[in-house]
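# Remarks on the overall topology
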Amino acid sequence: VLASNVGHCLWSGIAADNHAQRIADVLLGPALFSGWGVRTIAEGEPRYNPMSYHNGSIWPHDNAIAAMGLARYGRTEEAMRLMAAMFESSLHFALPRLTELSCGPRRRPDAAPTLYPVACAPQAWAAAAPFAVLQACLGLEVDGATKDVSLRAPRLPDFIDWLRIERLGLPGAGCDLLLTRHERSVGVEVLRKDPGVTVKVVA
């Protein structure tokens, strides 16, 4: 059964490089990617039901895991597609904030995502999902032992021109960053950093 679990193979790093590229293509293919996110079960599978809790719905935290896995294998463009889908779907929810899950029918022009009637909102792992997807797109890594902050080939999707991160925490220290989107890169300005903190951008 083709399921979103293949994204977990990327996140965990257990996929060989050639398998990882195939997985990435499948994740963003029409069977799994609805336009609003990656479904738990692919369209066309025998037990697929876009209204089901686990058999075809879309979970923000599951998509965040997939995005982090995609970025791990250098597929940042695809991670940004998941971030854009997550952001666009959130605009249709109350407040707006991400709910526990939504239903998985294919996205239609000028139509909102299909809400799951009893989805929890707020829910902790749904609330954390945007931060994980952002981390994936920025290639953001924090080493608490050395107080090193690194951004590996950072990217931002088209709908974010700039982003300010304040109080990025490290043990007993922190820093503030201003990120500016360019066509194929992100400019990083260090607004503040405590002694001992190192910020670096890796191409």
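Summary of the structure given here.

Thresholds, definitions, all that
Residues numbered from 1 in each chain as written. Predicted model: local features only at pLDDT ≥ 70, side-chain atom pairs only at ≥ 80, totals over all residues. Heavy atoms only, no water. Core = buried A, V, L, I, M, F, W, Y, C linked by side-chain atoms within 4.5 Å. Buried < 20%, exposed > 50% of the residue type's maximum accessible area, 1.4 Å probe, protein only. Helix = DSSP H or I, 4+ residues; strand = E, 2+ residues; numbered from the N terminus. Contact = heavy atoms within 4.5 Å. Pairing = 2+ DSSP bridges. Axes fitted to C-alpha atoms, helices over the stretch in contact; angles between N-to-C directions. 1 Å grid on protein atoms, 1.4 Å probe; cavity = no way out; pocket = protein on both sides within 12 Å on 5 of 7 lines; lining within 4 Å. Points joined across faces, edges and corners; volume = space filled by probe spheres on them. Nonpolar A, V, L, I, M, F, W, Y, C, P; charged D, E, K, R; others polar. Polar contact = N/O pair within 3.5 Å; in protein donor to acceptor, adjacent residues only side chain to side chain.

Here we take up the nonpolar core. Leu10, Leu27, Leu70, Leu82, Leu138, Leu156 and Leu179 are the most contacted members of the largest nonpolar core, which totals 48 residues. No other element matches helix α5 (residues 124-138), which puts 8 residues into this core. Those residues in contact with leucine 10, other than ones at most four positions away along the chain, are Ala15, Ala20, Ile23, Ala24, Leu27, Gly69, Leu70, Arg72 and Tyr73.

Read across the open sheet, the 3 strands follow the order β3-β4-β5; overall the sheet is antiparallel. Among the strands making up the open sheet, the edge pair consists of β3 (162-170) and β5 (186-193). Strand after strand, the sheet turns through a mean of 20 degrees between neighbouring axes, direction not considered. By the bridge criterion, 7 bridges tie strand β4 (residues 173-181) to β5 in an arrangement that is antiparallel. Opposite threonine 180, over in β5, you have glycine 187 as the bridge partner.

Right, let's talk about the layout of surface pockets for a bit. For the largest pocket, the calculated volume is near 400 Å³. Lining the largest pocket we find 19 residues, and of these Met83, Pro130, Phe131, Leu134 and Leu163 sit closest to its centre. Elements with a contribution of two residues or more to the lining of the largest pocket: α4 (76-90), α5 and β3. The class makeup of the residues in the lining of the largest pocket is 16 nonpolar, 2 polar and 1 charged. Its boundaries defined by the atoms lining it, the second largest pocket holds a volume of some 290 Å³.

Relative to the assigned elements, tryptophan 59 resides in the loop between α2 (17-27) and α3 (60-72). In this structure, the C-alpha to C-alpha distance between tryptophan 59 and methionine 86, residues 27 residues apart in sequence, is 9.7 Å. Separated by 3.0 Å, the side chains of tryptophan 59 and serine 57 make a polar contact.

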